[in-house]
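A look at the structure
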Amino acid sequence: MAMPAPAAPSGRELAKDPICGMVVDKAAALKSGRTYYFCSVGCQRTLESPETES
Ligand SMILES: [Zn+2]
């Protein structure tokens, strides 16, 4: 279940999912390399293996 992002408690870093634009907690987010953070494996997959339309 996705929770709305409250004001970040101190010590928490937030990042933006590049796929859907959702703000995620870096500590809880899925990562791709050191650059991207995702709200879900679906978004991670979208970036790492974009669907090829045939
Ligand atoms: Zn996402």
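Residues numbered from 1 in each chain as written. Predicted model: local features only at pLDDT ≥ 70, side-chain atom pairs only at ≥ 80, totals over all residues.

Attention now goes to the overall build of the chain. Secondary structure summary: the chain contains one helix and four strands in total. When the helices and strands of the chain are listed from N to C terminus, the series reads β-β-β-β-α. Across the 54 residues in the chain, those meeting the buried criterion constitute 13%. Long-range contacts, defined as pairs at least 24 residues apart, comprise 12% of the intrachain contacts of the chain with a sequence gap of at least 6. (Helix = DSSP H or I, 4+ residues; strand = E, 2+ residues; numbered from the N terminus. Buried ≥ 20, exposed ≤ 12 C-beta atoms within 10 Å, placed from the backbone. Contact = placed C-beta atoms within 7 Å.)

V24, A29, Y37, F38, C39 and C43 together form the largest nonpolar core, which totals six residues. Contact partners of Y37, with chain neighbours within four places excluded, come to A15, D17, V24, K26, A29, L30 and K31. (Core = buried A, V, L, I, M, F, W, Y, C linked by C-beta atoms within 7 Å.)

When the pLDDT values of the chain are averaged, the result is 83; 74% of them are 70 or greater. Mean pLDDT per element in the chain: strand β3 (residues 30-32) is the minimum at 87, and strand β2 (residues 23-25) is the maximum at 95. (pLDDT = per-residue confidence, 0-100.)

Within the secondary structure, G21 sits in the loop between β1 (14-16) and β2. The sequence separation of G21 and F38 amounts to 17 residues, and the corresponding C-alpha distance is 9.1 Å.

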